[in-house]
Structure formats: C-alpha cells, structure tokens
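The chain contents come next:
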Amino acid sequence: VLANIGTVATNNLERQLILGVGLQYGEDFYIDFCMELCDAHTIGAITPQEMERAMTPKRHDLNSCLIRRYQEPKVVELVNKLKIAMPQQESRWNDILSGAAYTNYLEKVAMWLWQ
C-alpha cells in the first residue's frame, strides 16, 4: 500500500490515514511499518515530511522501542535504512546503534524522567 500510496490514496486525508497506521499497533508492527516507510521514501512514494510524521509516535513504548531494542538485527537493519533515508539525523541513528541512546534512556528512567 505504501509503495502505491499515490494511486491508493485519492486525497491528503487518505494519505494521512494510511501513514498513521504504523502508530496504532505494537512495537513489532511499528518497526515493520518503519521499514516500509523507508522503502516508500526511497522510491519517492512519500515525502520526507510524511515519513517524519508517520514515524513520530506519541506513545512511550513506540517512542523508545528502537532505543531499547537497538541490538536486535531487525532494528539494526531499520536504523541503517534510516541513516540513508534521513541523513540529517545521522547522529541520532549512530547513538542508537552504538547503545549511547540506550544508556541515556536508562539514566532518564532511573531519574523518573522517562518511564
């Protein structure tokens, strides 16, 4: 659906509904959806702004899942795709891959800043 969003969605509202699906389910679905977003971005089916919005969760579990699961092969693959799709955030992706973001996350949790 994402690869063909231009033909599936007939207006901006439909595009936003499709792009919002990845934020409605669990972490595994979110990771898979982000992989698909990267692929859709690569072929030009979605804009960088649409990709950014579709990947920005308000839920804590989704917001922290890449950080917490940084050692999983699927997450490593996704973050490497994100480094290509969103090079302006390379330091963020490198922090996730190195585990620095996870260490920071644990410190915040210990201080009750992030639960």
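Residues numbered from 1 in each chain as written. Predicted model: local features only at pLDDT ≥ 70, side-chain atom pairs only at ≥ 80, totals over all residues. Heavy atoms only, no water.

K.L.:
Give a description of the environment of Gln89 that names residues and reports values.
P.N.:
With respect to the secondary-structure elements, Gln89 resides in the loop between α6 (73-85) and α7 (90-98). A polar atom in the side chain of Gln89 sits 2.6 Å from the side chain of Arg92. (Helix = DSSP H or I, 4+ residues; strand = E, 2+ residues; numbered from the N terminus. Polar contact = N/O pair within 3.5 Å; in protein donor to acceptor, adjacent residues only side chain to side chain.)

K.L.:
Before we move on, could you go through the environment of Lys81 and cite the residues and values that matter?
P.N.:
Tracing the sequence through the fold places Lys81 in helix α6. Once the C-alpha coordinates of Lys81 and Cys38 are considered, the two residues, 43 residues apart in sequence, prove to be 6.5 Å apart. Once you skip the residues sitting within four places of it in the chain, Lys81 turns out to touch Met35, Cys38 and Asp39. (Contact = heavy atoms within 4.5 Å.)

K.L.:
Outline helix α2 (residues 12-19), listing residues and values.
P.N.:
Listed as buried for α2 are Arg15, Ile18 and Leu19. Angular distribution of buried residues about the axis of α2 spans 95°; they occupy a single face of the element. Those residues of α2 that are exposed and angled more than 90 degrees off the buried face are Leu13 and Leu17. Buried residues belonging to α2 abut α1 (5-8), α3 (27-42) and α4 (48-54). N-capping of α2 is provided by Asn11, with a side-chain oxygen placed 3.0 Å from the backbone N of Leu13. (Buried < 20%, exposed > 50% of the residue type's maximum accessible area, 1.4 Å probe, protein only. Arc of directions from axis to C-beta.)

K.L.:
Break down the environment of Val21 for me, citing the residues and quoting the values.
P.N.:
Looking at the element boundaries, Val21 is found in the loop between α2 and α3. In this structure Val21 comes out as partly exposed when scored by relative accessible area, which is 30%. Ignoring anything within four residues of it in the chain, the contact list for Val21 reads Phe29 and Phe33.

K.L.:
Tell me about the pattern of salt bridges, and name the residues and values.
P.N.:
In the structure shown here, the tally under the stated rule is 8 salt bridges. Across the salt bridge formed by Asp32 and Lys74, the nearest N and O atoms sit 2.4 Å from each other. In this pair, Asp32 sits in helix α3 while Lys74 sits in helix α6, placing the two residues 42 residues apart along the sequence. What makes Asp32 partly exposed here is its relative accessible area of 32%. Salt bridges sharing common partners tie together Glu27, Asp28, Arg68, Arg69 and Glu72. (Salt bridge = Lys/Arg side-chain N within 4 Å of Asp/Glu carboxyl O.)

K.L.:
Now, about the nonpolar core: what can you tell me, with residues and values included?
P.N.:
Residues Leu37, Met51 and Leu82 are the most contacted members of the largest nonpolar core, which totals 34 residues. Where this core is concerned, the elements lending two or more residues are α2, α3, α4, α5 (60-68), α6, α7 and α8 (100-110). Per-element accounting of this core gives the leading share, 8 residues, to α3. Ignoring anything within four residues of it in the chain, the contact list for Met51 reads Leu37, Cys38, His41, Ile46, Leu82, Ala85 and Met86. (Core = buried A, V, L, I, M, F, W, Y, C linked by side-chain atoms within 4.5 Å.)

K.L.:
Requested: an account of the side chain of Arg69, with residues and values cited.
P.N.:
Structurally, the position occupied by Arg69 is in the loop between α5 and α6. Given a relative accessible area of 15%, Arg69 falls into the buried group. Once residues lying within four places of it in the same chain are set aside, the contact partners of Arg69 are Glu27, Asp28, Ile31 and Val75.

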